[in-house]
Amino acid sequence: MRWSSSSPSSSSSHVGLSLPLILALSISGARHAAAVTCGSGLSACGDACYNPSQYTCIGTTLCLYHCSGGTLLQGPETGGGGGGTGGGSSGSYKPVDNFSGSSFFNNFDFFTGADPTHGTVQYVSQSAAQSAGIISAGSPTVIAADTTHVQSGGRTSVRISSKKSYNTGVFLFDMNHMPTGCGTWPAVWMLGPNWPNGGEIDIVEGVNVNTNNQVTLHTSDGCTINTSQQSQTGSTLTTSCVSPGSDNSGCGVRANTGNTYGAGFNSVGGGVYATEWTTSAIKVWFFQRGSVPSDIASGGNVTPANWGTPMAHFPLGGSCAASHFSNMQIVLDLTFCGDWAGSVYGPGCTGGSGNAACQYLVINYPQNFKEAYWSINSIRTFTAA
Ligand SMILES: *[C@@H]1O[C@H](CO)[C@@H](O)[C@H](O)[C@H]1NC(C)=O
């Protein structure tokens, strides 16, 4: 919802696939040789998993798309443990980056332009943030906002982007605390070039006093999520990922538990957000402190196929080509009010509703933003082993 002006629950798109029935359409591709364990309701075909209500397995090739109620159910194999096509991986991943400790900020650029989401914020450089005392690299790294000054030009805050960009992999965000409170709109996300052409994956995001996380994709034309292929614990809000458009919400999934965002997340000491991005799916898990899988805790290779059902699952291929996502940077920011937090400001907060009420709070009440900070143990990246 990074660029959205709508509330988290205000819109619902339809699945717009009215394509003719296509038979015997092979989607076989390069496959991994590893043995496969498939999730519930799925079958193995060679080394891939598939939903037998949608596909037929002939030899080791998945064939035959089904037409249901005039809608073509299309896409590659789905579900946990399945082998991917092309550059997909469902196996194990080896560590690449570990952004943490005193060198944390060496891996990021600081964005100092106007907030594209129209927030009541002043994004500052690394040196300005350092002088203002709102960032501190270490164990953990802390990234906060100003909590002491009335700031008519918007609250001083930080938006950072990784110097490296990525094409598929696993990304782990180990955090103890995240910004929360009336007026806040923090996000951990990934962003490709020339938005929306390089795609956007919002991994941790919400506004104001939310406690349930929202995971959202934004793409250029031609990306709709086939809900019949989603295997997730969260609830799908919208299925068209295309942005911008009349509805700029992207395709979102909301977590069903209140420990996944904001004060709920902080009350359990946070945990680890994990994203697996392959050419066949984008999946996001949350593991609260104390329930982090042993491979993540170990610091070695990780195997997402063993992590259970994700919070959010976006199948790629079929109705949303994997090529919608490329050269993505990791972004972390905290803005205030603006397109999302401002437009839905009100419930649970003081001073009325809407963006003007939100701005009044953000500008005049610095002491209200003492909980508006990130505490980050590490951000780690992995590539297929
Ligand atoms: C990442 O680096 C930090 C120091 O910056 C270290 O304490 C930690 O053990 C490293 N984690 C892994 C998994 O290597």
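Because the structure is a prediction, the values reported are computed rather than measured.

A. Broad picture of the pattern of salt bridges. Per the counting criterion, the structure on display carries four salt bridges. A salt bridge links Asp146 to Arg155, with the shortest nitrogen-to-oxygen separation between them at 2.8 Å. Arg155 shares its class with Asp146; the two are buried. We note a salt bridge from Arg289 to Asp174, for which the minimum N-O separation is 2.9 Å. With Arg289 in the loop between β21 (281-288) and α3 (294-298) and Asp174 in strand β14 (residues 169-177), this pair connects stretches of sequence that are 115 residues apart.

B. Broad picture of the site of the ligand. Looking at the ligand, the residues that line it are Asn98, Ser100, Gly101, Gly299 and Arg380. One of the side-chain N or O atoms of Asn98 is found 2.3 Å from an oxygen atom in the ligand. Note that an oxygen atom of the ligand is positioned 3.0 Å from one of the side-chain N or O atoms of Ser100. Protein contact buries 40% of the 360 Å² of open area that the ligand shows by itself. For the shell around the ligand, the residue count by class is no nonpolar, four polar and one charged.

C. Representation of the packing of aromatic side chains. Applying the stated rule across the entire model yields 15 aromatic pairs. The interplanar angle of 75° and the centroid separation of 5.9 Å between the aromatic rings of Phe111 and Tyr123 together place this pair among those described as edge-to-face. You can see Phe111 sitting in the loop between β8 (108-110) and β9 (121-123) and its partner Tyr123 sitting in strand β9, a full twelve residues away along the chain. Residue classification places Phe111 among the partly exposed residues on the basis of a relative accessible area of 25%. The class for Tyr123 is buried, based on a relative accessible area of 6%.

D. Here's a closer look at the sheet that holds strand β17 (residues 214-218). As summarised here, the arrangement of the eight strands in space is β8-β13-β23-β15-β16-β17-β19-β18, forming an open sheet in which the pairing is antiparallel. The sheet is open, and its two borders are formed by β8 and β18 (235-236), each paired with just one other strand. Relative to β17, strand β16 (residues 200-205) runs antiparallel, the two being bridged by three bridges. By the bridge assignment, Asp202 is partnered in β17 with Thr216.

E. Spatial organisation of the pairing of strand β22 (residues 312-315). In β22, alternate side chains face the same way, and those of Ala312 and Phe314 on one face and His313 and Pro315 on the other are all buried. With four bridges connecting them, β21 and β22 associate as antiparallel partners. Its bridge partner being in β22, Ala281 is matched across the sheet by Pro315.

Conventions used here
- Starting from 1, residues in each chain are numbered consecutively following that chain's sequence as written.
- It should be noted that, the model being predicted, local features are given only for residues of pLDDT at least 70 and side-chain atom pairs only at 80 or more, the latter also being counted only at that level, while totals for whole chains, interfaces and linings use all residues.
- Hydrogens are left out, water is left out, and the side-chain values use all remaining heavy atoms of the structure.
- Here, a salt bridge means any side-chain nitrogen of Lys or Arg that lies within 4 Å of a carboxyl oxygen of Asp or Glu.
- Each residue gets one of three labels from its accessible area relative to the maximum for its type: buried under 20%, exposed over 50%, partly exposed in between, using a 1.4 Å probe on protein chains only.
- For the purposes of this entry, the term helix denotes a DSSP run of H or I that reaches at least four residues, the term strand denotes a run of E that reaches at least two, and both are numbered from the N terminus.
- Proximity is defined per residue: any heavy atom of the residue falling within 4 Å of a molecule or strand makes that residue near it.
- Polar contacts, as used here, are pairs of N or O atoms within 3.5 Å; protein pairs need one atom able to donate a hydrogen and one able to accept it. Residues neighboring in sequence count only if both atoms are side-chain atoms.
- Using the Shrake-Rupley algorithm and a 1.4 Å probe, accessible areas are obtained, with residue cover drawn only from the displayed protein chains.
- When residues are grouped by polarity, Ala, Val, Leu, Ile, Met, Phe, Trp, Tyr, Cys and Pro land in nonpolar, Asp, Glu, Lys and Arg in charged, and all others, Gly among them, in polar.
- The pairing test for Phe, Tyr and Trp rings, Trp by its six-membered ring, is centres within 6.5 Å, and the orientation test on the planes gives stacked under 30 degrees, edge-to-face over 60, and tilted for anything in between.
- Strands pair, by our definition, only if DSSP identifies at least two bridges between them.

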